[in-house]
Amino acid sequence: MSEEDKQKVIEAINKRKPELRAWLDRPIWKDYAQKDGYHAWYVDEESGCRSIKSQIVIKKSMKEVFDYVLSIDNKAKYDHNMSHAKQITKFDDTYDLQYFNYKGTFLIENRDFYIATYHKFGEDFSEIFCTSFDDPKYPPIKKVTRADCIYAGWEFKKQDDGILCTYYTLGDMKLNQTLVNTTLGEVAKQVVYLKEILEK
């Protein structure tokens, strides 16, 4: 892909990422679940979508955790709603374009996204930020509904007891929100599944 394509990916990220910190730090998050070091919260947004945020501490190095989550080959191992994912283009050490496809049911089509990804590694703090990327080069696929990922990603913070891993997501799945909400508990538990994999 061209330098122009890279700039489009950067523009998609810059359109939404500046809002992320204020969104994550809002005082309106409500408890969703809490058990054995796992904590999850939710917000029912005015748009009708539900935001999810979850945390857990993983007793591994920053590099081990960051590298595992960054690898697209590992995503379906801890994101149990995912059908498949693939790397479209790795522009450099910061920006990627990826494709995510999520499982439907016998009544509901799969959902998919083309995802602009920003990632940055640090010894004390690392992050991976994702948002939808729309471009005529990537039209909707037959029998798959193109959804909108507003925010999704990870933050990793070094602590004395390990790496505090925070997963977050807000998206419009183009589906009845009551049905979407039934899957969000599993979405929030990605941090739990990641811990089980890395600490086994």
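In the block above lies the structure referred to throughout.
Every chain's residues receive numbers from 1 upward, in the order its sequence appears when written. Owing to the predicted nature of the model, reporting of local features is limited to residues with pLDDT of at least 70; listing and counting of side-chain atom pairs is limited to 80 or more, with chain, interface and lining totals taken over all residues. By convention in this description, side-chain values take in all heavy atoms of the structure and omit both hydrogens and water.

**Some details on the pairing of strand 10 (residues 162–172)**
Next up, step 1: Burial status follows relative accessibility: with a 1.4 Å probe on protein chains alone, a residue under 20% of its type maximum counts as buried, one over 50% as exposed, and anything between as partly exposed. Helix and strand assignments come from DSSP, with helices taken as H or I runs of at least 4 residues and strands as E runs of at least 2, each series counted from the N terminus. With respect to burial, strand 10 is a largely interior element, 10 of its 11 residues being buried.
Next up, step 2: Alignment of strand 3 (residues 50–58) against strand 10, held across 7 bridges, turns out to be antiparallel. Residue Lys53 lies in a different strand from strand 10, and its bridge partner there is Tyr168.
Next up, step 3: As paired strands, strand 9 (residues 148–159) and strand 10 are joined by 11 bridges and run antiparallel to one another. Pairing of Phe156 across the sheet is with Cys165, part of strand 10.
Next up, step 4: Count of turn residues in the strand 9/strand 10 antiparallel hairpin: 2 residues. Whether two strands pair comes down to DSSP finding at least two bridges between them.

**Digging into the nonpolar core**
Next up, step 1: Buried residues of nine kinds, namely Ala, Val, Leu, Ile, Met, Phe, Trp, Tyr and Cys, make up a nonpolar core once their side-chain atoms join them within 4.5 Å. Judged by nonpolar contacts, the single largest core of 36 residues is most densely connected at Trp154, Phe156 and Leu194.
Next up, step 2: Whether two residues touch is decided by their heavy atoms; if any such pair falls within 4.5 Å, the residues are in contact. If sequence neighbours within four positions are ignored, Phe156 has contacts with Met62, Val65, Phe66, Val69, Asp124, Phe125, Ser126, Glu127, Ile128, Ile163, Leu164 and Cys165.

**What to know about the layout of surface pockets**
Next up, step 1: Put simply, the grid is 1 Å and covers the protein atoms alone, a cavity is a trapped set of points that fit a 1.4 Å probe, a pocket is an open set with protein on both sides within 12 Å along at least five of seven lines, and lining residues have an atom within 4 Å of a point. Grid points are joined across faces, edges and corners, and a volume is the space filled by probe spheres set on the points. The volume enclosed by the largest pocket comes to roughly 720 Å³.
Next up, step 2: Of all the secondary structure elements, the ones that give two or more residues to the lining of the largest pocket are helix 3 (62–70), helix 4 (75–78), strand 5 (95–102), strand 6 (110–120), strand 7 (125–132), strand 9, strand 10 and helix 5 (177–188).
Next up, step 3: Among the elements that make up the lining of the largest pocket, the one with the highest residue count is helix 5 (7 residues).
Next up, step 4: Here the residues of the lining of the largest pocket are counted per class, giving 22 nonpolar, 13 polar and 7 charged. Think of it as three bins: nonpolar holds Ala, Val, Leu, Ile, Met, Phe, Trp, Tyr, Cys and Pro, charged holds Asp, Glu, Lys and Arg, and polar takes everything else, Gly as well.

**A closer look at the environment of Arg21**
Next up, step 1: Among the structural elements, Arg21 can be located in helix 2 (residues 20–24).
Next up, step 2: What makes Arg21 partly exposed here is its relative accessible area of 41%.
Next up, step 3: Separated by 14 residues in the primary sequence, Arg21 and Lys35 place their C-alpha atoms 25 Å from one another.
Next up, step 4: Two N or O atoms form a polar contact when they lie within 3.5 Å of each other; inside protein one atom must be a possible hydrogen donor and the other a possible acceptor, and for residues adjacent in sequence the pair counts only when both atoms belong to side chains. In terms of polar contacts, Arg21 uses its side chain to reach the side chain of Glu155, at 2.8 Å.

Read these as spatial facts, not as claims about activity.
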